[in-house]
Amino acid sequence: MRRLSGRFRSSLIIGIQGIRARKLRTLLSMISLFLGVLAVVTVQAGASIAERAQMSGMELQNGYDGTVVIDVMPHEKAPAIVSETVAGRDDAVTMIGTQAIIGEPGVSPINPGAAPFDQGSWGSTEICDNVGNCVPGPPTGEAIEVVLTAVSGDMLKYRPLRSVSGQWLDFSTVPALAPRLVINEEAAKGFQEHHVPAEMRMRGAKANVTPQIVGVVEDGDQQPRAYVRQDELTNWMPVNSLVDPNFGGQFTVMTSQGSPVEQVLATKLKAAGADSYSRVVESRKEMEKQLRLMRLVFLSMAGLVLLIGVAGILNVGLATVGERVEEFALRRAVGTPRALLAGIVLAETMLTGLLTAAAAIGAGVAGLKIVSMFLGDSEPLLANVQFPWDAGVAGIIAGLIAGVLGGFVPAVRAAGIPIATVMRA
């Protein structure tokens, strides 16, 4: 390991001695700089937390970055082809969306079209046949319509749904005749506000079924949605009935990059006359420009506050150099190079900047801990949140830059003091 050069080591030692000898001035410099460095640390930490929040929200809906999403167009042969291709594989999951009404039989749901409960109706209660003839539907009763998503495997490997209560679907057990449902928070709100009978009816099912609600998750969807094992749902209706070309609906396969499922599935579907479209989830890339702009705006504002702190260090540094004119002149008289004199002043201001950065980072860590303690229960994102390391690095860099900028002019002035000044002493 290489040792510090003699001049640099001397500047550092004399700088530390100068800070110890002038504690009050050092404290004043730190106070003037503290808010600026703290602003940089806060902005960087806030930007990192905001980035995680946005990424977390996009992952809830789109899946992890790198996941291959295959959208299958509704076709009568598509469900059987997809089920056959994905069956027994642990590198692909099928998600088929259909509508289901849970509650009192023979009535229209409270939220037609699976609308959110605070946004009114999204659909009509009329009943229409295949040729478009519609008649008024039954009166509204104690029933709730949900988007029912049948999954063929553990989709949590591709979409990080957050558990709120209960448990996720267990695919290690034998399919139950009473389908187990995991509902999202919007659906849970509906079941909490409306006490409906445990009876579920679906288009194409052999009979109404009695579901079991085993858990609640956060999935980022504003519509009431329920997740069910596909093999439990197909106990009551054929897999082809899950996808109706006349009504459309979600029909998606999620897999990992490099899996043969994508190519095999596309080939089989094309041979059967069905269309499919593949895409790779790249949420971070899509939001990168937005995050960069947001961070640039806030860092610019923090930079202005930091410049005020630099001005404070500059004023204190110039005053300190004015008081130490005889000292610097005497050092020049005994052969101290001008560069070393400048290094002494710069070392003092840079050390002051580092001390201020350490104080600001400590305040940021403590502040984030307090916010997490008080708001963690209401804001899951802030629960047990860790202080971002890049915010600490930004604080150290800001402290060093402020030390250099605030000490440059005093350092030049100290280096320019003539030897003759020593005659004043």
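Overview of the structure. (Residues numbered from 1 in each chain as written. Predicted model: local features only at pLDDT ≥ 70, side-chain atom pairs only at ≥ 80, totals over all residues. Heavy atoms only, no water.)

Overview of the overall build of the protein
Counting its secondary structure elements, the protein contains 10 helices and 12 strands. Relative to its full complement of 425 residues, the protein shows a buried share of 43%. For the protein, the proportion of contacts with a sequence separation of at least 24, taken over those separated by at least 6, is 85%. Accessible surface, the protein: about 22000 Å² in total, of which carbon and sulfur atoms supply 60%. (Helix = DSSP H or I, 4+ residues; strand = E, 2+ residues; numbered from the N terminus. Buried < 20%, exposed > 50% of the residue type's maximum accessible area, 1.4 Å probe, protein only. Contact = heavy atoms within 4.5 Å. Areas by Shrake-Rupley, 256 points an atom, 1.4 Å probe, with all protein chains shown as cover.)

Topic: helix α8 (residues 325-333)
Within the span of α8, buried status applies to Val-325, Phe-328, Ala-329 and Arg-332. All buried residues of α8 project into a common sector of 100 degrees when viewed along the axis, lining one side. In the stretch just after α8, Gly-335 is the one whose phi turns positive, near 100 degrees. (Arc of directions from axis to C-beta.)

Re the environment of Val-41
The topology assignment puts Val-41 in helix α2 (residues 23-62). Residue Val-41 is classed as buried on the basis of its relative accessible area, which comes to 1%. Distance in space between the C-alpha atoms of Val-41 and Ile-396 is 8.9 Å, their sequence separation being 355 residues. Excluding anything up to four places from it in sequence, Val-41 contacts Ile-361, Phe-387, Ala-391 and Gly-395.

Focus: the nonpolar core
Membership of the largest hydrophobic core comes to 38 residues, with the highest contact counts inside it found for Val-82, Leu-148, Met-200, Met-202, Leu-233 and Leu-269. Those residues in contact with Val-82 that sit more than four places away from it in its chain are Val-72, Thr-94, Phe-251, Val-253, Leu-265 and Leu-269. Counting 18 residues, the second largest nonpolar core, distinct from the first, contains Val-40, Val-43, Ala-45 and Ala-391. (Core = buried A, V, L, I, M, F, W, Y, C linked by side-chain atoms within 4.5 Å.)

Structural notes on the side chain of Thr-67
Considering the arrangement of structural elements, one finds Thr-67 in strand β1 (residues 67-72). Among the polar contacts made by the side chain of Thr-67, one reaches the main-chain carbonyl oxygen of Tyr-64 at a distance of 3.0 Å. Once residues lying within four places of it in the same chain are set aside, the contact partners of Thr-67 are Tyr-158, Met-254, Thr-255, Arg-279, Val-280 and Val-281. (Polar contact = N/O pair within 3.5 Å; in protein donor to acceptor, adjacent residues only side chain to side chain.)

A short note on the environment of Gly-57
Turning to its location among the elements, Gly-57 is positioned in helix α2. Residue Gly-57 is classed as partly exposed on the basis of its relative accessible area, which comes to 32%. Sequence spacing of Gly-57 and Leu-161 is 104 residues, and the spatial spacing of their C-alpha atoms is 9.9 Å.

Describing helix α10 (residues 389-415)
Every α-helix carries 3.6 residues per turn, so stepping three or four residues along brings you back to the same face. Look at α10: 37 Å from first C-alpha to last across 27 residues, which is about the 39 Å you get at 1.5 Å a residue. Along α10, the helix axis deviates most sharply at Phe-408, where the bend reaches about 40 degrees; the proline Pro-410 sits within four residues downstream. (Expected span 1.5 Å × (residues − 1). Bend = angle between axes of the 7 residues up to and from the residue.)

Overview of unusual backbone geometry
Positive phi outside glycine occurs at Ala-114, with the angle close to 55 degrees. Along the chain, Ala-114 falls in the loop between β2 (92-103) and β3 (127-128). Judged by its relative accessible area of 0%, Ala-114 falls in the buried class.

Side note on the pairing of strand β9 (residues 212-218)
Bridge analysis of strand β6 (residues 162-166) against β9 gives four bridges, and the strand direction is antiparallel. Considered in β9, the bridge of Ser-165 is made with Val-216. In the sheet, strand β7 (residues 180-184) pairs with β9 via five bridges, with the strands oriented parallel. Residue pairing across strands places Arg-180 opposite Gln-212, the latter belonging to β9. (Pairing = 2+ DSSP bridges.)

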